Amino acid sequence: MDSDLKKYMEQNKEVFLSEMKKLHKRLDGLESEISTLKLTLEKHINFIDKTYEGLKNPIEGVKRWLGR
């Protein structure tokens, strides 16, 4: 019985380690994708900020002219 238990535990250990490796690989992929998306979003936000900065005064002028 002791031998069977050790064999069973060793088999499960291999399955567990294999699954852990798969999870690590997926997590690495997700981290990479999130980093790429973060950079893209930051660039877009910076573009919007720069664009709005140039339009801020004309928009305020139109709002004053319209009385809003």
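See the structure printed just above.
Residues numbered from 1 in each chain as written. Predicted model: local features only at pLDDT ≥ 70, side-chain atom pairs only at ≥ 80, totals over all residues. Heavy atoms only, no water.

*Asks:* Explain the overall build of the protein chain here, please?
*Replies:* Assigned secondary structure in the protein chain consists of 1 helix and 0 strands. Here the C-alpha radius of gyration of the protein chain, 28 Å, is well above what a compact globule of 68 residues would show, namely 11 Å. Structurally, the protein chain occupies a C-alpha span of about 90 × 20 × 10 Å along its principal axes. Sorting the 68 residues of the protein chain into buried and exposed places 0% on the buried side. Summed over all atoms, the accessible surface of the protein chain reaches about 7000 Å², with 62% contributed by carbon and sulfur. In the protein chain, 14 side chains carry a positive charge and 12 a negative one; their mean positions are 8 Å apart. (Helix = DSSP H or I, 4+ residues; strand = E, 2+ residues; numbered from the N terminus. Rg over C-alpha atoms; globule rule 2.2 N^0.38 Å. Buried < 20%, exposed > 50% of the residue type's maximum accessible area, 1.4 Å probe, protein only. Areas by Shrake-Rupley, 256 points an atom, 1.4 Å probe, with all protein chains shown as cover. Lys, Arg positive; Asp, Glu negative; His and termini not counted. Charge placed at Lys NZ, Arg CZ, Asp CG, Glu CD.)

*Asks:* Would you explain helix α1 (residues 2-66) in this entry?
*Replies:* Each full turn of the α-helix corresponds to 3.6 residues, which orients residues three or four apart in the same direction. At L55, α1 shows its largest kink, close to 45 degrees, and the proline P58 lies no more than four residues downstream. Where α1 terminates, the next one or two residues include G67, which has phi positive at roughly 75 degrees. (Bend = angle between axes of the 7 residues up to and from the residue.)

*Asks:* Before we go on, may I ask you to explain the pattern of salt bridges in this structure?
*Replies:* Two side chains carrying opposite charge are able to pair once their charged atoms lie near each other. In this structure the tally under the stated criterion is 3 salt bridges. Note that K22 is salt-bridged to E19, the shortest N-O span being 3.2 Å. Taken together, the residues span about one helical turn, with K22 and E19 both in helix α1 at a distance of 3 residues. Using a relative accessible area of 47% as the deciding quantity, one classes K22 as partly exposed. A salt bridge links E42 to K38; its shortest N-O distance comes to 3.4 Å. Here the residue E42 and the residue K38 both occupy positions in helix α1, the gap between them amounting to 4 residues, near one helical turn. (Salt bridge = Lys/Arg side-chain N within 4 Å of Asp/Glu carboxyl O.)

*Asks:* Even after reading the chapter, I still don't get the environment of K56, so can you show me in this structure?
*Replies:* Take K56: it is sitting in helix α1. With 28 residues separating them along the chain, K56 and D28 place their C-alpha atoms 41 Å apart.

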